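Spelled out from the first residue to the last, the chains are:
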Amino acid sequence: MCRTLIFNFIICLITFSSCSNNKKTPTHKDSDTLIVNNDSILKILKTIHASAKAKQLDSLFKNKAKAGRFNGVVLIAQEGQIIYEFASGYSNIKTKDSLTKNSVFQLASTSKTLTAAAILLLKDQGKLKLTDTLQKYFPNFPYPNITIQNLLTHRSGLGNYLYFGEPYCDDKYCYNGKILNNNTLLGMMMNEKPARCFPPNKKFQYCNTNYALLASIVEKISSMNFSDFMQKNIFNPLGMKNTFVRTSSNYNANSKTATVGHTPFFKIEENEYADAVVGDKGVYSTVEDLFLWDQALYSNKLLKQQTIKEAFTGYSNEHSGKRNYGYGWRLLDNGHNDKIVYHNGWWHGYNSLFFRRPSDRTTIIILSNKDNRSIYQIQDIVAILNPYSKEINVEQ
């Protein structure tokens, strides 16, 4: 499936012209605004050579699909306009259902961008400070001096629950008779006190525990479960109608469009240990919903612009001046205008890539449900969008 915005635009104009029975007839002012906006979009598409780029992208992805190197959905935009979408492969190898642009994927660690947004939204509302320690919300938490900012930037020094937690769980993925989720994970850390890796803020170490704890902080402050908070405060306001945080109940309710994860050999991945822990993962979404999230970051629709600027500032200092981590976002920043803001994800057969270059409002969103790490290799896509782009490595 290849679709450019030019095609959609023409269809929309035809539909608009033919709907003479609409209850509301546009005023002269409304019509003038529509024409100006449409002319502006066409001008942008012409300036960025959208049609030619779409053809090249279509050839690229159809060749990947034909060679068995792509099972997923992609959306590519430039200057804020979608220029290409493509879906290929199976939603479920057993049922042979085909993927579409509306197919819902587990975002894996790309979920962290939205978890961070929840925390930053609460900050903008004055309900927390990034300098707050975890003891403010969980008095018995056994690791002192860890702040919310340390969690956001992966500088807490905590161990990764995916490793330390399993020995404490039985074969049903339960801890003390309860399924391992955010609440039982918090209880495990308080009871078992697994060793931390280093003191807070000493260095950067990417760790899923940080974002699971951030989801717990959201629940504590809001008195809502994380899924409901995200739905009410982020997904609904942004119009992300096909996006949800997985729980045992809503996953079944959304199963009509939800995909299943597959191994590289196209075997279905089974539910496993830690699937019920969210915040570090657990958000399910579509490429078009993620594009709505992408576009919201250019406005004050959800977060203050100053807050977004802070989120896109590097604090991890992995490689000074180049590779960094902000608040829920990985960064490639050489100090010029071509800063890259991105996040990848992997979990049980799902791969996700969310690439943003704010300088020209380039967005590349790739969601796959067949384990395929090559989706992170996007230099060929970037070269089509801008032949003068320097080599970009976002495989982390």
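Scroll up for the structure.
Residues numbered from 1 in each chain as written. Predicted model: local features only at pLDDT ≥ 70, side-chain atom pairs only at ≥ 80, totals over all residues. Heavy atoms only, no water.

Visitor: Help me out: how do you make sense of the environment of Gln306 in this one?
Guide: Residue position: Gln306 is located in helix α12 (residues 305–311). A residue is classified by how much of its surface remains accessible, and Gln306, at 48% relative accessible area, is partly exposed. For the pair Gln306 and Asp124, spaced 182 residues apart in sequence, the C-alpha separation works out to 9.9 Å. (Helix = DSSP H or I, 4+ residues; strand = E, 2+ residues; numbered from the N terminus. Buried < 20%, exposed > 50% of the residue type's maximum accessible area, 1.4 Å probe, protein only.)

Visitor: How do you make sense of the state of the cysteines when you look at a structure like this?
Guide: Among covalent bonds in proteins, the disulfide is the one between the sulfur atoms of two cysteines. Applying the stated criterion across every chain, the model contains zero disulfides. The structure places no disulfide on Cys169, whose sulfur is separated from the nearest cysteine sulfur, that of Cys174, by 7.7 Å. With no disulfide of its own, Cys207 has Cys197 as its nearest cysteine by sulfur position, at a separation of 6.8 Å. Classification of Cys207 as buried rests on a relative accessible area of 1%. (Disulfide = S-S within 2.5 Å.)

Visitor: So what exactly am I meant to see when it comes to the layout of surface pockets here?
Guide: To find leftover empty space, a probe the size of one water molecule is rolled over the atoms. Approximately 390 Å³ is the volume attributed to the second largest pocket. Taken together, 19 residues make up the lining of the second largest pocket; nearest its centre are Ser109, Tyr206, Asn208, Gly345 and Trp346. Mapped by element, the contributors of at least two residues to the lining of the second largest pocket are α6 (161–164) and β12 (340–347). In terms of residues, the lining of the second largest pocket owes the most to one element, β12, which gives five residues. For the lining of the second largest pocket, the residue count by class is seven nonpolar, seven polar and five charged. (1 Å grid on protein atoms, 1.4 Å probe; cavity = no way out; pocket = protein on both sides within 12 Å on 5 of 7 lines; lining within 4 Å. Points joined across faces, edges and corners; volume = space filled by probe spheres on them. Nonpolar A, V, L, I, M, F, W, Y, C, P; charged D, E, K, R; others polar.)

Visitor: What exactly am I supposed to notice about the side chain of Ser91 here?
Guide: Position of Ser91 relative to the elements: it lies in strand β3 (residues 90–92). With near-sequence residues (within four places) excluded, Ser91 lies in contact with Asp97, Ser98, Leu99, Ala258, Thr259, Val260, His262 and Asn369. (Contact = heavy atoms within 4.5 Å.)

Visitor: Whenever I open this one, the packing of aromatic side chains confuses me. Can you help?
Guide: Remark: the centre distance and the inter-plane angle together describe each pair of aromatic rings, the angle taken between the planes. Taken as a whole, this structure holds 17 aromatic pairs when the rule is applied. Grouping aromatic residues by their ring pairs yields a cluster made of Phe61, Phe70, Tyr84 and Phe86. The ring centre of Trp347 lies 5.0 Å from the NZ or CZ of Lys281, which sits over that ring. Against the face of Tyr298 rests Arg361, its NZ or CZ located 4.1 Å from the ring centre. (Phe/Tyr/Trp six-rings, centres within 6.5 Å; stacked < 30°, edge-to-face > 60°. Lys NZ or Arg CZ within 6 Å of the ring centre and 35° of its normal.)

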